[in-house]
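One-letter residues, chain by chain:
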Amino acid sequence: MKCGIIGPPVSGKTTLFNILTGVTETGLIHVKRELRRGVAKLGDSRLEAITRASKSARVVPATVEYIDIPGQSGDRESREPYPASYLAELHNADMLALVVREFRDDSIPHPSGSIDPGRDIADAVLEFIINDLAIVERRLEKITRLHNADFKREVKILTHCQEMLSDQHALREYDFKPDEEKILRSYSFLSLKPLLIVLNLGEASVPDAGRILDDLKQETGLPERKTGWAAVAAGIESEINALEESDRDAFLNDLGFSLPALDRITRATFNLLGLVTFFTTSEKESRAWSIPAGSTAVQAAAAIHNDLARGFIRAEVCRWDELVEMDGSYGRLKETGKLRLEGRDYVVADGDVLLIRFNV
Ligand SMILES: Nc1nc2c(ncn2[C@@H]2O[C@H](COP(=O)(O)OP(=O)(O)OP(=O)(O)O)[C@@H](O)[C@H]2O)c(=O)[nH]1
Ligand SMILES: [Mg+2]
């Protein structure tokens, strides 16, 4: 899973990236102006319990890859906050996290001259629409000229996209059919990607985070489809992150958040993308996997390795807490009737532990 972090200059993108990917040496960070990639390891207390029960030698958490693209603050004269070279970096992202700024700090002026997260969101959303429209029109021009029957379907669907985009509607607003999605996927349209809006709050605003987000939803009028919302206070949260782990909770609670930023962003991401987690476990390794809700056992197998899907025989399934209760013993799970044998069409539930039997 890849997530592109975007937003206007000095909105706190890199600060958030550092929190999510666990970089804590704050002094170094802002000097670097190149694109950065990093991996967030998703904490999961269920995985920890499974690992202990199975006495696994290794634990592998689920991960999200984040791409942090520097804002264009060095290039403000061009008045082009999202140049094509910047947007091109986002094309292979599965989702976008748009970081907009609510915090006020006169020593860090906003390039647009004022703090206005609603405006920043509208600007970015429009920018993606314009970018997609240009792609659609270039492609339409090309394939319409070819008079080739194979392109009929594509012309039809791209014409539909062109109409939506021309009316300033993001493509994510429309419920495309799976086969249409498949055609559209190759274009990697930005306005089709799930969008998580991350509001970067000043410290004093955290207790009001819920209300401020609600107001912003109202103001921007963004449709709910494929759109999620989260609040952080990146500046202070990155300082909290640099503390000893045992001290962090108290500071976070004082600030007004009950969970660390990584957990909040992860939850918002799973909700937005409709993901669930399943586990695999052995003495060698316990591991968490994230897959789309509604995935079947054979699709879960494919997430692990194609061979497992190809030679799929059955899945042996239990709940994570049942496995922990039995101290990781499959023998006892079987004896107590807690181990289920499921076929390829079994719909995997969040928290399932899967053992895939296969033969290739
Ligand atoms: N007061 C305050 N300052 C913040 C907060 N988040 C980030 N900053 C500061 O704002 C400045 C810009 O933060 P970055 O994280 O580098 O912002 P960015 O969006 O990555 O900036 P560019 O990559 O240049 O576009 C830094 O000096 C941060 O320390 C915040 O929540 N509150
Ligand atoms: Mg940055």
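Asks: Mind showing me how you'd approach the packing of helix α5 (residues 117–146) against helix α8 (residues 209–220) here?
Replies: In helix packing, the relevant descriptors are the interaxial angle and the interaxial distance, both defined with respect to the helix axes. Packing of α5 against α8 brings their axes to within 10 Å, and their N-to-C directions diverge by 50°. Overall, the two elements α5 and α8 adopt an arrangement that is oblique. The element α5 and its partner α8 pack so that their crossing is right-handed. Across the interface between the two elements, Pro117, Gly118, Ile121 and Ala122 from α5 touch Leu216, Glu219 and Thr220 from α8. Grouping the amino acids of the contact of α5 with α8 by side-chain chemistry returns 4 nonpolar, 2 polar and 1 charged.

Asks: Help me understand the domain arrangement of the protein, please; the structure alone is not making it clear to me.
Replies: Accessible area lost upon the coming together of the parts is a frequently used measure of interface size. In terms of domain boundaries, the protein breaks down into domain 1 (2–272) and domain 2 (294–358). A separation of 33 Å is found between the C-alpha centroids of domain 1 and domain 2. Across the contact, 6 residues belong to domain 1 and 7 residues belong to domain 2. Residue composition of the side of domain 1 that touches domain 2, by class: 3 nonpolar, 1 polar and 2 charged.

Asks: Even after reading the chapter, I still don't get helix α6 (residues 152–166), so can you show me in this structure?
Replies: Side chains three or four residues apart in an α-helix point the same way, a direct result of the helix having 3.6 residues per turn. The terminal C-alpha atoms of α6, which comprises 15 residues, lie 21 Å apart, in line with the 21 Å expected from a rise of 1.5 Å per residue. Residues of α6 that are buried include every one of Leu158, Cys161 and Leu165, and no others. Taken around the axis of α6, the buried residues stretch over an arc of 55°, which confines them to a single face. Set apart from the buried face of α6 by more than 90 degrees, the exposed residues are Lys152, Arg153, Lys156, Glu163 and Ser166. Looking at the buried positions of α6, the neighbouring elements they touch are α5. Phi turns positive, to about 60°, at Gln168, one or two residues after α6.

Asks: Could you clarify how one ought to interpret the nonpolar core in this entry?
Replies: The nonpolar side chains of soluble globular proteins are, as a tendency, buried together. Formed by 80 residues in total, the largest nonpolar core has its most connected members in Ile5, Leu16, Leu98, Ile197, Val198, Val232 and Leu354. Broken down by element, the residue count for this core peaks at 6 residues, all from α5. Setting aside residues no more than four positions away along its own chain, Ile5 makes contact with Lys13, Leu16, Phe17, Tyr66, Ile67, Asp68, Ile69, Ala97 and Val99.

Asks: Can you help me understand the environment of Gly43 in this one?
Replies: Along the polypeptide, Gly43 turns up in the loop between β2 (36–41) and α3 (45–54). Residue classification places Gly43 among the partly exposed positions, given that 15 C-beta atoms sit within 10 Å. When the C-alpha atoms of Gly43 and Ala288 are compared, they prove to be 9.8 Å apart, with 245 residues separating the residues in sequence. Excluding anything up to four places from it in sequence, Gly43 contacts Pro61, Leu262 and Asp263.

Asks: What's the story with the packing of α6 against helix α7 (residues 178–185) in this structure? I'm lost.
Replies: Relative to each other, α6 and α7 sit at 90°, their axes nearing to 11 Å. Of the possible angle classes, the one that applies to α6 and α7 is roughly perpendicular. Across from Arg153, Glu154 and Ile157 in α6, the residues of α7 making contact are Glu180, Ile183 and Leu184. Here the contact of α6 with α7 is composed, by residue class, of 3 nonpolar, no polar and 3 charged.

Asks: What am I meant to see in the environment of Asp214 here?
Replies: Within the element layout of this structure, Asp214 appears in helix α8. Residue Asp214 is classed as exposed on the basis of its C-beta count, with 12 C-beta atoms lying within 10 Å.

Asks: Looking at this structure, how should I read the pairing of strand β10 (residues 312–319)?
Replies: Two faces, one strand: in a regular strand the side chains alternate between the faces of the sheet. As paired strands, β10 and strand β12 (residues 352–358) are joined by 7 bridges and run antiparallel to one another. Bridge pairing links Arg314 to Arg357 in β12. Inspection of the sheet shows β10 paired to strand β11 (residues 340–342) by 3 bridges, in the antiparallel sense. Considered in β11, the bridge of Val317 is made with Arg340.

Asks: I'm lost on the sheet that holds strand β7 (residues 227–232) in this one. Help?
Replies: In sheet architecture, strand pairing relies on hydrogen bonds along the backbone and comes in two forms, parallel and antiparallel. Read from one edge to the other, the open sheet built from 6 strands follows the order β2-β4-β1-β5-β6-β7, with strand pairing classed as mixed. The open sheet is flanked by β2 and β7, the only strands paired with a single partner. Put simply, the sheet's adjacent strands are angled 25° from each other on average, direction ignored. Where strand β5 (residues 95–101) lies against strand β6 (residues 195–200), 6 bridges are found, and the strand directions are parallel. Bridging across to β6, Arg101 finds its partner in Asn200.

Calculation rules
- Residues numbered from 1 in each chain as written.
- Chains lettered and ligands numbered in written order.
- Predicted model: local features only at pLDDT ≥ 70, side-chain atom pairs only at ≥ 80, totals over all residues.
- Axes fitted to C-alpha atoms, helices over the stretch in contact; angles between N-to-C directions.
- Helix = DSSP H or I, 4+ residues; strand = E, 2+ residues; numbered from the N terminus.
- Parallel < 35°, antiparallel > 145°, perpendicular 65-115°, else oblique.
- Left-handed = near helix turned anticlockwise from the far one by under 90°.
- Contact = placed C-beta atoms within 7 Å.
- Nonpolar A, V, L, I, M, F, W, Y, C, P; charged D, E, K, R; others polar.
- Domains from an automatic or database assignment.
- Expected span 1.5 Å × (residues − 1).
- Buried ≥ 20, exposed ≤ 12 C-beta atoms within 10 Å, placed from the backbone.
- Arc of directions from axis to C-beta.
- Core = buried A, V, L, I, M, F, W, Y, C linked by C-beta atoms within 7 Å.
- Pairing = 2+ DSSP bridges.

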